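The primary structure of each chain is shown beneath.
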Amino acid sequence: MSNKVFPAVRDENEEKYPPEKNKLSRQIFGNRFLSDQNLYEYLIEFLLIFVSAKEENGIEGKLKFHDSNDSLFSYYVQPRLGLKRFIFYNYSKKDKSLPQDRDALKLLWTELSKKIDSSDEKEKKEIIESLQDFFYGYAVILKKRSWCAQAIMPLCPELVFCETSPNLKKRKKNVDWENDKKTIDTKFGHKQRNFLARGGELYYLHLLQGLENRPDDKKQLELLLKNLMTGDSKKISNIASFIQNTWEKAIGATPADLQEEFSLDFIPVNAYKNCEDNSISELLNYLSCQLPVVRRLDLLAKGIMFQVMRMMSVAVASYLESSELPWIIDVCGSKSFKKFCHKSYKLLEESFDSALNKAGTNSSDKENTPSKKYEHFRKEKTAFAFGIFKSKGKELHCIIPTKGQDERFSISEDIVSFLVLSIIPPEQQMTFDMFLEKIYEHYKIVVSAKEFSKSTAYTSELANSLSKSFEENSAAFEKLLNSTGYLIELSDATSVVQNPYKRIEIQENK
């Protein structure tokens with residue numbers, strides 16, 4: 001068994017990994033990043049593992065991280081298809097549904113209606129429709145997917161859904177709705193990994209590895225994540241549980257009947273070591289801020305994706321045994337600076353290519369001809385490696401333009417917010433220059449000439465020639481911080497960046 005991966009009980013060479021599936025990328029990043037997974041699905045998958053039970057009894061380990069000495073690294077999920085059908089079915093296309101799904105929803109409505117204290121059937125119908133509209137208003141992933149593959153903002157543990165595929169052929173053949181109502185929910189697929197494709201799991205494993213010898217941080221992070229999931233949405237949680245419990249009783253099922261077991265996979269043991277302290281401290285700071293829950297979750301989804309981009313950049317440098325390349329951020333937008341930022345961006349892209357080339361050279365697959373290796377490289381660059389980094393950066397508006405030439409790093413207001421709230425503790429502040437140092441230390445983000453001069457990828461002569469452009473860039477970034485409410489100008493020469501939010505105080509016994 002390999003000792004080069006985390007958890008050590010996993011092996012990157014197990015037979016379950018088909019050789020044609022992101023084999024090269026797996027050596028660099030772990031199993032796996034996939035292009036179809038969007039930023040909210042990274043958050044949902046991460047939270048799904050955290051909120052789920054870690055023992056087969058379906059109880060132990062909820063709202064906790066795994067023990068790093070776990071021999072199985074499993075987690076046990078409740079798909080809650082009755083609740084999911086209630087939220088999404090009426091609003092979705094029916095081409096991947098069975099008539100029995102319509103009948104199942106009718107049965108749930110009937111059972112819910114019985115529990116409403118009113119003799120007016122019209123009023124009961126309006127109450128149920130209002131509940132359905134309320135939940136659907138928080139939908140975050142719809143697209144053209146079947147109702148069972150859509151997702152809602154994870155406001156509470158009951159709304160963190162696992163991936164579900166229709167499995168239409170199997171269900172048509174095996175659903176015995178008339179004689180066994182449980183079959184309506186037990187013939188779906190949950191392990192295809194099309195949308196919850198392990199990206200959120202890799203982020204979870206990255207944090208878990210970093211928390212191995214930090215029990216105090218682990219406990220604090222568990223408390224803060226528990227607060228995120230239960231602190232402001234107790235009424236929503238109760239309603240969601242009521243709907244799902246009503247459904248389970250109607251079909252004669254128990255949670256144990258519907259439970260699904262999943263297993264964590266692996267990350268290379270050294271891939272993300274260089275950024276684990278920053279990932280943990282940032283998450284602790286951010287989750288300690290008192291933000292409205294919807295804003296808190298939305299910004300967290302974007303922040304985690306930004307951290308994942310950093311993870312990928314760090315993993316490439318680690319695999320190549322080289323220094324991390326800087327992310328030179330274009331804020332000022334001057335023509336000459338755009339060109340330079342584009343060249344810098346291309347250097348990072350080339351480093352991803354170099355890592356894939358090295359992985360191909362190190363591959364032990366003797367059946368791979370040079371032409372096949374090139375085809376794997378081409379596909380993985382587009383679909384698994386830099387293609388994911390680029391597409392998610394554009395989704396965050398941190399790589400611009402979204403279409404066209406001269407691609408380069410930029411920064412969005414939401415990512416500015418995440419950087420401030422995750423690097424500066426609540427109710428604290430630091431000078432603008434110190435903040436520039438911190439974002440360079442954490443992400444290798446370069447805004448000013450001072451940070452640029454620290455990068456070994458460029459010469460001091462080049463830094464001097466770009467000094468005016470960096471001065472304009474720094475001023476534009478300062479203006480952006482001011483417009484987003486995080487900058488206080490103390491004088492013409494001194495500004496401070498502040499985290500204006502109050503700290504969440506959590507007691508362990510609450």
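A brief structural summary.

The rules behind each value
- Residues numbered from 1 in each chain as written.
- Predicted model: local features only at pLDDT ≥ 70, side-chain atom pairs only at ≥ 80, totals over all residues.
- Heavy atoms only, no water.
- Axes fitted to C-alpha atoms, helices over the stretch in contact; angles between N-to-C directions.
- Helix = DSSP H or I, 4+ residues; strand = E, 2+ residues; numbered from the N terminus.
- Parallel < 35°, antiparallel > 145°, perpendicular 65-115°, else oblique.
- Left-handed = near helix turned anticlockwise from the far one by under 90°.
- Contact = heavy atoms within 4.5 Å.
- Nonpolar A, V, L, I, M, F, W, Y, C, P; charged D, E, K, R; others polar.
- Phe/Tyr/Trp six-rings, centres within 6.5 Å; stacked < 30°, edge-to-face > 60°.
- Buried < 20%, exposed > 50% of the residue type's maximum accessible area, 1.4 Å probe, protein only.
- Disulfide = S-S within 2.5 Å.
- Core = buried A, V, L, I, M, F, W, Y, C linked by side-chain atoms within 4.5 Å.
- Salt bridge = Lys/Arg side-chain N within 4 Å of Asp/Glu carboxyl O.
- Expected span 1.5 Å × (residues − 1).

Next up on the list: the packing of helix 13 (residues 293-320) against helix 14 (residues 335-362). Packing of helix 13 against helix 14 leaves a shortest axis separation of 9 Å and a crossing angle of 50°. In terms of axis orientation, helix 13 runs oblique to helix 14. Pair helix 13 / helix 14 crosses with left-handed handedness. Between helix 13, through Met312, Ser313, Val316, Tyr319 and Leu320, and helix 14, the contact on the second element is made entirely by Leu348, Ser351, Phe352, Ser354, Ala355, Lys358, Ala359 and Asn362. Classifying every residue of the contact of helix 13 with helix 14 by side-chain character gives 8 nonpolar, 4 polar and 1 charged.

This next bit is on the packing of aromatic side chains. Taken as a whole and assessed by the stated rule, the structure comprises 32 aromatic pairs. Seen from their ring centres, tyrosine 75 and phenylalanine 262 are 5.6 Å apart, and the 20° between their planes marks the pair as stacked. On the criterion of sequence distance, the pair formed by tyrosine 75 in strand 2 (residues 74-77) and phenylalanine 262 in strand 5 (residues 260-263) is long-range, its members being 187 residues apart. The same class applies to tyrosine 75 and to phenylalanine 262, which are both buried. Between phenylalanine 306 and tryptophan 327, the ring centres sit 5.7 Å apart and the planes meet at 85°, which makes this aromatic pair edge-to-face. Taken together, the residues span a long stretch of sequence, with phenylalanine 306 in helix 13 and tryptophan 327 in strand 7 (residues 327-328) at a distance of 21 residues. The buried category is assigned to phenylalanine 306, whose relative accessible area is 2%. Classification of tryptophan 327 by relative accessible area gives buried; the value is 1%.

The next point concerns the state of the cysteines. Considering all chains together, one arrives at 0 disulfides under this definition. The thiol of cysteine 156 is not disulfide-bonded; the next cysteine sulfur, from cysteine 162, is found 15 Å away. The thiol of cysteine 289 is unpaired, and the distance to the nearest cysteine sulfur, on cysteine 398, comes to 19 Å. Relative accessible area serves as the criterion here: at 0%, cysteine 289 is assigned to the buried category.

In this chain, phenylalanine 6 is followed by proline 7 through a cis amide linkage whose omega measures -5°. Tracing the chain through its elements places proline 7 in the loop between strand 1 (5-6) and helix 1 (23-29). The omega angle of the peptide bond from isoleucine 400 to proline 401 is -10°, so this bond is cis rather than trans. Summarising the element assignment, proline 401 is placed in the loop between strand 8 (399-400) and strand 9 (408-409). For phenylalanine 73, which is not a glycine, the phi torsion comes out positive at approximately 55°. Its place among the elements puts phenylalanine 73 in the loop between helix 2 (39-51) and strand 2. The class for phenylalanine 73 is buried, based on a relative accessible area of 1%. Of note in the backbone geometry, glutamate 427 takes a positive phi value of approximately 65° without being a glycine. Examined against the element boundaries, glutamate 427 turns out to sit in the loop between helix 17 (413-423) and strand 10 (429-431). Exposure remark for glutamate 427: the relative accessible area of 54% places this residue in the exposed category.

Once that is clear, we can look at the nonpolar core. The biggest cluster of nonpolar side chains holds 145 residues, and the ones touching the most others in it are Leu159 and Phe477. If you tally residues by element for this core, the top one is helix 13, at 16 residues. In this structure, phenylalanine 477 is in contact with Val331, Ile411, Val416, Phe432, Phe435, Leu436, Ile439 and Val447, ignoring residues within four places of it in sequence. Of all hydrophobic cores here, the second largest spans 9 residues; its members include Phe340, Tyr440, Leu466 and Phe470.

Below, the discussion takes up the pattern of salt bridges. Following the criterion strictly, the structure yields 31 salt bridges and no others. Of the charged contacts in the structure, one is a salt bridge between aspartate 257 and lysine 182, with a shortest N-O distance of 3.7 Å. Taken together, the positions of aspartate 257 in helix 11 (residues 255-258) and lysine 182 in the loop between helix 6 (168-174) and helix 7 (183-186) put the pair 75 residues apart, joining distant regions of the chain. Taking the shortest distance from any N to any O, the salt bridge between arginine 198 and aspartate 265 comes out at 3.7 Å. With arginine 198 in the loop between helix 7 and helix 8 (199-210) and aspartate 265 in the loop between strand 5 and strand 6 (267-268), this pair connects stretches of sequence that are 67 residues apart. Looking at arginine 198, the relative accessible area reads 13%, which means it is buried. You can call aspartate 265 buried: its relative accessible area is 1%.

Turning to helix 18 (residues 432-443), a few remarks are in order. With 12 residues, helix 18 extends 16 Å from end C-alpha to end C-alpha; this agrees with the ideal 16 Å at 1.5 Å per step. Listing the buried residues of helix 18 in full gives Phe432, Phe435, Leu436, Ile439, Tyr440, His442 and Tyr443. Remark: lysine 444 follows helix 18 within two positions and exhibits a positive phi of approximately 60°.

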